[in-house]
Amino acid sequence: MASPNSTFTELVSTTFRKHRSEIADNVSNRNALYKRIVKQGNYTSDDGGLTIAVPLDYAENSTYQRYSDWDTLNIQASDVISAAEYQWRQIAINVVSSGRELRINSGAPRIIKLATAKMKNAMRTFSNNFSIDMYSTGGATNQINGLQALVADAGTGTVGGINSSTYSFWQNQVFNATTESVTISASTIENSAMLPLWLDLDRGPDDQPDLIVMDNNYYQFFEASQVSIKRYMNADMADGGMVSLKYKGADVMFDGNSGIPANRAYFINSQYLGLCVHKDADLEVVPEQRPINQDGAVVPILWMGNMTCSNRNQQGVIVPS
């Protein structure tokens, strides 16, 4: 007869593998940024390396020239490609049960109920915390780069190993309400704050923000300003329990319960944002671990990757007055 420990471990593993996609769905349904990255096909896997290298364009090709007839052409090599390097970050969530708990629940119906309850708790915990991480500064130990790091309030910082104070092309755009003497409200948010930032980011229909995520306060201001066009909604987002308004070509989403800082609006060109995960640690269940001096079972679930950006200059944020 199988021991309660081995039965529990097998149930956790099979239950998790069966429902693993639900974690991604749960994060997606509560985090507009994650949903957009996945929709763009930018949730990718890698098979290793010391870092996550993300190619980027950082300078124009210097051989562009106007010429006539037999003028000598400039064939000098142009160093136009570099790469941002992001560190691998690791996340573990453990499904744990004591020997006493396992033996109390040793009957088939009880052990199934126990394993299912603990898996649901693990899935919910991962969803909640990963969503918070995606909007973080990345300042906590071993935390992924969150949006506050990639699209910083000051527009500067060292991201992906590149110091944006040295290389200005790597700075994101910022509309600072204090510097611009704008008090953000329903009457000012669109024309006095959003429009100037949009103009800094719009490089044509194929290279402009496609998502604007706002906290509670700014979203309330924006919706109040949209007296005649509140009916605009993206059906794909609504399918995930999210309703969006429109600003020019971008979906405007309320993401206030996902970890976004208060009084912020992020203008996202999502073709340049990504989540890269190691192929062997994309919420992978590893074999049961048994403490040598305790009575119980631990089933680790591992994730390893990071959030990346290949063009900070095409991202922007409105910061408060």
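Residues numbered from 1 in each chain as written. Predicted model: local features only at pLDDT ≥ 70, side-chain atom pairs only at ≥ 80, totals over all residues. Heavy atoms only, no water.

S.K.: Would you mind going over the overall build of the protein with me for this structure?
M.R.: A count of helices and strands for the protein gives 8 helices and 14 strands. Classification of the 321 residues of the protein by burial places 45% in the buried group. Partitioning the intrachain contacts of the protein with sequence separation of at least 6 by distance along the chain shows that 75% fall at a separation of at least 24. In the structure as shown, the protein presents an accessible area of about 16,400 Å², 48% of it carried by carbon and sulfur atoms. (Helix = DSSP H or I, 4+ residues; strand = E, 2+ residues; numbered from the N terminus. Buried < 20%, exposed > 50% of the residue type's maximum accessible area, 1.4 Å probe, protein only. Contact = heavy atoms within 4.5 Å. Areas by Shrake-Rupley, 256 points an atom, 1.4 Å probe, with all protein chains shown as cover.)

S.K.: Can you walk me through the packing of helix 6 (residues 189-201) against helix 7 (residues 216-225) in this structure?
M.R.: Packed helices, taken two at a time, are described by the angle their axes make and the gap between the axes. Between helix 6 and helix 7, the least distance of the axes is 10 Å, while the angle of their chain directions is 115°. On the side of helix 6, the interface is formed by Ile189, Glu190 and Met194, while helix 7 contributes Tyr218, Phe221, Phe222 and Ser225. Here the contact of helix 6 with helix 7 is built from residues that sort into 5 nonpolar, 1 polar and 1 charged. (Axes fitted to C-alpha atoms, helices over the stretch in contact; angles between N-to-C directions. Nonpolar A, V, L, I, M, F, W, Y, C, P; charged D, E, K, R; others polar.)

S.K.: How should I be thinking about the environment of Val298 in this particular structure?
M.R.: Positionally, Val298 belongs in strand 13 (residues 296-309). For Val298, a relative accessible area of 19% gives the class buried. Between the C-alpha atoms of Val298 and Ser98, which are 200 residues apart in sequence, the distance is 8.7 Å. Setting aside its immediate chain neighbours within four residues, Val298 contacts Asn94, Val95, Val96, Glu288 and Gln289.

S.K.: Looking at this model, I keep getting lost on the pattern of salt bridges. Mind explaining?
M.R.: A side chain with one charge may pair with a side chain of the opposite charge, provided their charged atoms come close. Taken as a whole, this structure holds 8 salt bridges when the rule is applied. One salt bridge in this structure joins Glu101 and Lys118, with 3.5 Å as the shortest N-O distance. Note that Glu101 is positioned in helix 3 (residues 99-104) and Lys118 in helix 4 (residues 108-134), a separation of 17 residues in sequence. (Salt bridge = Lys/Arg side-chain N within 4 Å of Asp/Glu carboxyl O.)

S.K.: What's the story with the nonpolar core in this structure? I'm lost.
M.R.: Soluble, globular proteins show a tendency: their nonpolar side chains are buried together. Leu33, Tyr86, Phe130, Met134, Leu147, Leu273 and Met307 are the most contacted members of the largest nonpolar core, which totals 48 residues. Residue contacts for Tyr86: discarding those within four places in its chain leaves Thr51, Ile52, Val54, Asn145, Leu150, Val159, Gly160, Trp170, Asn306, Met307, Thr308 and Cys309. (Core = buried A, V, L, I, M, F, W, Y, C linked by side-chain atoms within 4.5 Å.)

S.K.: Is there a simple way to explain the packing of aromatic side chains in this structure?
M.R.: The geometry of two aromatic rings is summed up by the distance between their centres and the angle between their planes. For the structure shown, the criterion picks out 10 aromatic pairs. Aromatic side chains Phe126 and Phe130 sit 5.3 Å apart centroid to centroid with 10° between the ring planes, which places their arrangement in the stacked category. One end of the pair is Phe126 and the other is Phe130, both in helix 4 and 4 residues apart, which spans about a single turn. The buried category is assigned to Phe126, whose relative accessible area is 8%. Where Tyr219 meets Phe254, the ring centres are 6.0 Å apart and the plane angle is 55°; that geometry is what we call tilted. Here Tyr219 is found in helix 7, whereas its partner Phe254 is found in strand 10 (residues 250-254), with 35 residues between them in sequence. Tyr219 gets classed as buried once you look at its relative accessible area, which sits at 11%. (Phe/Tyr/Trp six-rings, centres within 6.5 Å; stacked < 30°, edge-to-face > 60°.)

S.K.: Where do I start with the sheet that holds strand 4 (residues 89-98) in this structure?
M.R.: Across a sheet, paired strands are connected by hydrogen bonds in the backbone, their directions being either parallel or antiparallel. One open sheet accounts for 4 strands, arranged 1-12-13-4; its pairing is mixed. Each end of this open sheet is capped by a strand with a single partner; those strands are strand 1 (43-46) and strand 4. The sheet shows a mean angle of 30° between the axes of neighbouring strands, taken without regard to direction. Pairing of strand 1 with strand 12 (residues 273-285), which is carried by 4 bridges, proceeds in the parallel orientation. Of the residues in strand 12, the one forming a bridge with Thr44 is Cys276. Along the sheet, helix 2 (residues 32-39) contacts strand 1, strand 12 and strand 13; its crossing angle with strand 12, the most-contacted strand, is approximately 90°. In this fold helix 4 packs onto strand 4, strand 12 and strand 13, with an angle of close to 155° to the strand it touches most, strand 4. (Pairing = 2+ DSSP bridges.)

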